[in-house]
Structures are given as C-alpha cells and as structure tokens.
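Structural overview for review
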Amino acid sequence: MNRLFCVIPCYNEEAVLPETSRRLQTKMESLIKSGKISEDSRVIFVNDGSRDNTWNMISELHEKNPLFQGINLSKNMGHQNALLAGLMTAKDLCDAAISMDADLQDDIDAIDEMVEKFLAGADVVYGVRSKRTTDTFFKRFTAESYYKLVNALGAKTVYNHADYRLMSRRALLGLSEFGEVNLFLRGIVPMVGYNVDYVYYERAERFAGESKYPLKKMLSFAIEGITSLSTKPIKMITGLGMFIFFVSIVVLIYSLIRHFTGNTIPGWTTTVLSVWAIGGLIMISLGVIGEYIGKIYLETKNRPRFIIESYIADENDEAVFRENEHR
C-alpha cells in the first residue's frame, strides 16, 4: 500500500494551524480507512522561521498524534525553500507527496482525486484553480496576467496552478537533481516530466491570519520566476537595441536631408525627449541584465537552500532522515 506525505510550509500560521491540522487529519484518516494509502502516511509541517507560536503548536500536534511530523528550519528561508525542504525530506520516506499551503485556500477534498490519478499512473498531479471568485478583481487580474506573461517569456508553467500538487517518489527524485539556488518550483516541476494529470478545484478564502504574499512580495516573486527560468528578456533587450539603432539611422538620414535642403529647424524639445527616452531604456536594460548577473553570482556561491535545525518524527523516519542527511 502506498505511503502518502502531505508537506505544508508554515510561516506565522498559529491562527490557522489548529483548523488545518484538524481537516488534514480527517482527510488522511478517511483515505487510510478506504485503503487508498497506508496507515503510516504522514503530514509534515515545515516551520519557516516563524516568529509566533507555530513551532510549539507543531510539536504539540506530534506529541498528540504520530500522524503529524515537523521540520524546523534554522531561519526564515522563504516559502519555496521551505517547501523544498519538506519535499526533499519526504522523498526518502514516501511513495508520493502532496504539497499545499497552510491557509486552507486550496481545497483539501481535491486530495482524493489526486490520489486516484496517482494510483492510475500519474507521477505529477497539478491542482489547478478553476475559479478565483473569492479573490478581488485586482488580485484575480494580476495573478492571471502573471501566468500569461511568464509563459509568454518562455517559463513554461501550468496556468492557474500555484504549489498544490502531488508528486510521486520518482518525480521527487527527479526534482532533487535540480540544484538551482534561485527557486521557482512552479516552473521547475514541469521540467521534471513523467506522466502528468490535473485536478480542478475552486479557490476558497483564507481561513484565518494574514496573507504572506502582499503585492510587493508578489511582484518580487514574479520577477524571480521570469528571470530564473527564461532568457527571453535579454533577447528582447537585444531586439529593442537593434530597433533603436535602425530608428537612429532613419533619423540621421532625415536630418541630413533637412540640413542639405536648408530646412534645418532647432530641435531642442525632440533632442531632450530623445536623450531621456534612450537614457531610460538603457537604465531598464542594465537593470534586467543586472538581475541575471545577480542570479549568476548567487548560483556560483552554491549556498545551501535550506538548513534543517530539527526534525520531529517517529524513530524509523528520523533514522532514515539522519542517514540521508550525512550522505
């Protein structure tokens, strides 16, 4: 029978954790009772340097029920790194792992269909939002525009899919081969390949607490995704440079004709506008190139993407974790 792990990154989630754990326990026990997953399936909460009582609550959940396990990172590493820490821990312990956020916006009932598709042979099952009616118009518009922009710039992602997905052990091992420091799992997972399927669900409102992705962070995440997975922006700068060079030749010819026909008119306004326009384009171009150079700088340092301070689990899982930790 297949062993399933659910991996839940947590950052200051004390407000929602009791309800999240209750619903997950109900779902896991239901799947165990139906014989779809084994009795030693688990839920791993990954504490990403929370400043509230999140880690203490995770520890208490483990003490009350071995279904729950906990990973405590040494500091706040960011959502993607925390998620990867949980998945890389689970890959040596499970047959499949489901990743999802702690805020209950992803429909837990979709897990049933994910498991069914996994049992039918899928290695990766993407949870795709069929509706975003609970989002504001601005949130919905910017999110959907973002997916379209990222794909248009060459980063192949699944439209309206965040990080709610099931991955088989084979897919997790494939994911472990990717060594990027600049993580964007929504774009990396599709590169793994294997058999893919989809589950559609309606996105709910956050159960409690505050969103961990305000507009500023979402914009940063968007830039991270584009520059981590695609070189198209640099190619666009090259094309823009060639276009401006062509326009400059046309303007030069036009100016010479005007000069030799005696129709030269002082063009202070157009000169100033041209200088500002070209100067702005140069600054934007340098900024885009700088983003890529900065990523090269970080990649060459090869810093660890996460550091696990402690892992609370039953003795067998902890022993396997310690063994793989020192490889």
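Worth saying up front: this structure is predicted, and the values here are computed from it rather than measured. (Residues numbered from 1 in each chain as written. Predicted model: local features only at pLDDT ≥ 70, side-chain atom pairs only at ≥ 80, totals over all residues. Heavy atoms only, no water.)

1. Things to note about the packing of aromatic side chains
Applying the stated criterion across every chain yields a total of 3 aromatic pairs. Between phenylalanine 45 and phenylalanine 68, the ring centres sit 5.9 Å apart and the planes meet at 20°, which makes this aromatic pair stacked. Pair noted here: phenylalanine 45 is in strand S2 (residues 42–47) and phenylalanine 68 is in strand S3 (residues 68–73), with a separation of 23 residues, a long-range link. An identical accessibility class is assigned to phenylalanine 45 and phenylalanine 68; each is buried. Ring plane angle 80° and centroid distance 5.3 Å describe the contact between tyrosine 164 and tyrosine 201, whose orientation is recorded as edge-to-face. In this pair, tyrosine 164 is assigned in strand S6 (residues 161–168) and tyrosine 201 in strand S7 (residues 196–202), connecting sequence segments 37 residues apart. (Phe/Tyr/Trp six-rings, centres within 6.5 Å; stacked < 30°, edge-to-face > 60°. Helix = DSSP H or I, 4+ residues; strand = E, 2+ residues; numbered from the N terminus. Buried < 20%, exposed > 50% of the residue type's maximum accessible area, 1.4 Å probe, protein only.)

2. Points about the state of the cysteines
Cysteine pairs can be linked by a disulfide, which is a covalent bond between their two sulfur atoms. Per the counting criterion, the structure on display carries 0 disulfides. Note on cysteine 94: no disulfide assigned, nearest cysteine sulfur contributed by cysteine 6 at a separation of 9.9 Å. In this structure cysteine 94 comes out as buried when scored by relative accessible area, which is 2%. (Disulfide = S-S within 2.5 Å.)

3. A short note on the side chain of arginine 42
Position of arginine 42 relative to the elements: it lies in strand S2. Residue arginine 42 is classed as buried on the basis of its relative accessible area, which comes to 10%. Within the structure, arginine 42 has its side chain in polar contact with the backbone oxygen of aspartate 40 (distance 3.5 Å). Not counting residues up to four positions away in its chain, the partners in contact with arginine 42 are Arg3, Leu4, Phe5, Cys6, Met28, Pro66, Leu67, Gln69, Asp314 and Asp317. (Polar contact = N/O pair within 3.5 Å; in protein donor to acceptor, adjacent residues only side chain to side chain. Contact = heavy atoms within 4.5 Å.)

4. Some thoughts on the side chain of asparagine 47
Secondary-structure assignment places asparagine 47 in strand S2. Reaching out from asparagine 47, the side chain makes a polar contact with the side chain of serine 50 at a distance of 2.6 Å. Beyond its immediate sequence surroundings of up to four residues, asparagine 47 is in contact with Cys10, Thr54, Trp55, Ile58, Ile71, Asn72 and Leu73.

5. Let's talk about empty space enclosed by the protein
Within the structure shown, the criterion is met by 1 cavity of 30 Å³ or more. As a volume, the largest cavity reaches approximately 30 Å³. Asn2, Arg3, Leu4, Lys36, Ile37, Ala96, Val115, Phe118 and Leu166 together form the lining of the largest cavity. Here the lining of the largest cavity is composed, by residue class, of 6 nonpolar, 1 polar and 2 charged. (1 Å grid on protein atoms, 1.4 Å probe; cavity = no way out; pocket = protein on both sides within 12 Å on 5 of 7 lines; lining within 4 Å. Points joined across faces, edges and corners; volume = space filled by probe spheres on them. Nonpolar A, V, L, I, M, F, W, Y, C, P; charged D, E, K, R; others polar.)

6. Description of the nonpolar core
Inside soluble globular proteins, nonpolar side chains tend to come together where they are buried. Counting residues in each nonpolar core, the largest one holds 35 residues, and the members touching the most others are Leu4, Ile8, Val43, Phe45 and Ile111. Those elements that provide at least two residues to this core are strand S1 (4–10), helix H1 (17–33), S2, helix H2 (54–64), strand S4 (96–99), helix H4 (110–119), S6 and S7. Aside from chain neighbours lying at most four places away, what touches isoleucine 8 is Leu24, Val43, Ile44, Phe45, Val46, Met100, Asp101 and Ala102. Counting residues in hydrophobic clusters, the runner-up holds 34 residues, among them Phe5, Leu87, Leu183 and Ala313. (Core = buried A, V, L, I, M, F, W, Y, C linked by side-chain atoms within 4.5 Å.)

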